[in-house]
Amino acid sequence: TLDWGYSYAFLTPISSLILGALPWTLLLVGSAHVISMFFGFIAGVEAAWRRGDFAEKAGVGCMTVMEGVPEIGTGVLLLLVFALSLGWLPASGSESAYARLTPLEWVWDVVRHLVLPLATLILAYFPGNFLLTRGSMVMVLREPFVQTARAKGLPPVRVRYVHAARNALLPMITRFGLRFAFMVTGALVVETIYSYPGLGTLLFNAISMRDLPLIQSIVLISSLMV
């Protein structure tokens, strides 16, 4: 027979570890997805509206190159420049250890620790959002209802965002939904580079320590979210 008391005592440390790391992962990865999605969508809409211009071609080329740059390369570069060379931002962690801070000082300290890993993820997610929005917007601009809106003499901004962009938004929503599972499991590479105490770092440490129950728990959460 199964000893439920022993099982509960065994699972409690695992759940406490996961619940302790989950808020940091949601703060980091969730913020990166929302910010990159918003600005990627706006930039993609504007690029599609100006299709054929030099700026649009340069933007597409730049985003295509950035799409192929791995997170580990961007993360190490930002770490070397802004943390180790210039010393502007903390190099690791999510907050200063053993520091007696007021609530406002603590918030500012968390933000400073968040900047570099957040910037790394935004630079990794932004190109894909930009290219997807641009491609969707280019197809929408060819639709008859957009031509009708232009023929009615509506302002370009209204045609661009009220009529065209709303219909080009669907692939972005789909992409956000598909990435939601990764928001829960964390960004393993980026969190490990910056020693950020999220689920990605927790999973990396569990793999290093051969902690099979913890690995199974995190993978189970990811599977359920998918």
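Residues numbered from 1 in each chain as written. Predicted model: local features only at pLDDT ≥ 70, side-chain atom pairs only at ≥ 80, totals over all residues. Heavy atoms only, no water.

Draft legend 1. Representation of the confidence of the model for the protein chain. With 92% of its residues at a pLDDT of 70 or more, the protein chain shows a mean pLDDT of 84. Summarising per-element confidence for the protein chain, the mean pLDDT is lowest in helix H7 (residues 170–185) (77) and highest in helix H4 (residues 103–140) (89). (pLDDT = per-residue confidence, 0-100. Helix = DSSP H or I, 4+ residues; strand = E, 2+ residues; numbered from the N terminus.)

Draft legend 2. View of the packing of helix H2 (residues 54–67) against H4. At their nearest, the axes of H2 and H4 sit 9 Å apart, and the two run at 135° to each other. With respect to their mutual orientation, H2 and H4 come out oblique. Classified by chirality, the crossing of H4 by H2 is left-handed. Here H2 contributes Glu 56, Gly 59, Val 60, Met 63, Thr 64, Met 66 and Glu 67 to the contact with H4, which in turn contributes Leu 123, Ala 124, Phe 126, Pro 127, Gly 128, Phe 130, Leu 131 and Arg 134. Looking at the contact of H2 with H4, its residues break down into nine nonpolar, three polar and three charged. (Axes fitted to C-alpha atoms, helices over the stretch in contact; angles between N-to-C directions. Parallel < 35°, antiparallel > 145°, perpendicular 65-115°, else oblique. Left-handed = near helix turned anticlockwise from the far one by under 90°. Contact = heavy atoms within 4.5 Å. Nonpolar A, V, L, I, M, F, W, Y, C, P; charged D, E, K, R; others polar.)

Draft legend 3. Broad picture of unusual backbone geometry. Phi at Ser 195 is positive, roughly 50°, even though this residue is not glycine. Within the secondary structure, Ser 195 sits in the loop between helix H8 (188–193) and helix H9 (199–208). Here Arg 210, not a glycine, exhibits a phi torsion of approximately 55°, which is positive. Looking at the element boundaries, Arg 210 is found in the loop between H9 and helix H10 (212–225).

Draft legend 4. Representation of a nonpolar patch on the surface in the model. On the surface, Ile 72, Val 76, Leu 77, Leu 80, Val 81, Leu 84, Leu 86, Trp 88 and Val 189 cluster together into a nonpolar patch covering about 820 Å² of accessible area. Counting residues per element, the nonpolar patch draws most heavily on helix H3 (residues 71–85), at six residues. Following the sequence through the fold, Leu 80 ends up in helix H3. (Patch = residues over 30% accessible without salt bridge, like charges linked within 9 Å, V, L, I, M, F, W, Y side chains within 5 Å. Areas by Shrake-Rupley, 256 points an atom, 1.4 Å probe, with all protein chains shown as cover. Salt bridge = Lys/Arg side-chain N within 4 Å of Asp/Glu carboxyl O.)

Draft legend 5. Just the nonpolar core, in detail. The biggest cluster of nonpolar side chains holds 20 residues, and the ones touching the most others in it are Leu 28, Val 29, Ala 32, Leu 116, Leu 118, Leu 121 and Tyr 194. With seven residues, the single largest contributor to this core is H4. For Leu 28, the contacting residues outside a window of four places in its chain are Leu 114, Pro 117, Leu 118, Leu 121, Glu 191 and Tyr 196. (Core = buried A, V, L, I, M, F, W, Y, C linked by side-chain atoms within 4.5 Å. Buried < 20%, exposed > 50% of the residue type's maximum accessible area, 1.4 Å probe, protein only.)

Draft legend 6. Just the pattern of salt bridges, in detail. Taken as a whole and judged by the stated rule, the model has three salt bridges. Two residues, Glu 46 and Arg 50, come together in a salt bridge whose shortest N-O distance is 2.3 Å. Exposure remark for Arg 50: the relative accessible area of 40% places this residue in the partly exposed category. Here Glu 56 makes a salt bridge to Arg 134, at a shortest N to O gap of 2.6 Å. Pair noted here: Glu 56 is in helix H2 and Arg 134 is in helix H4, with a separation of 78 residues, a long-range link.

Draft legend 7. The arrangement of the environment of Ala 119 in detail. Topologically, Ala 119 is positioned in helix H4. On the accessibility criterion, Ala 119 (27% relative accessible area) is partly exposed. In this structure the C-alpha to C-alpha distance between Ala 119 and Leu 28, which are 91 residues apart in sequence, comes to 9.8 Å.

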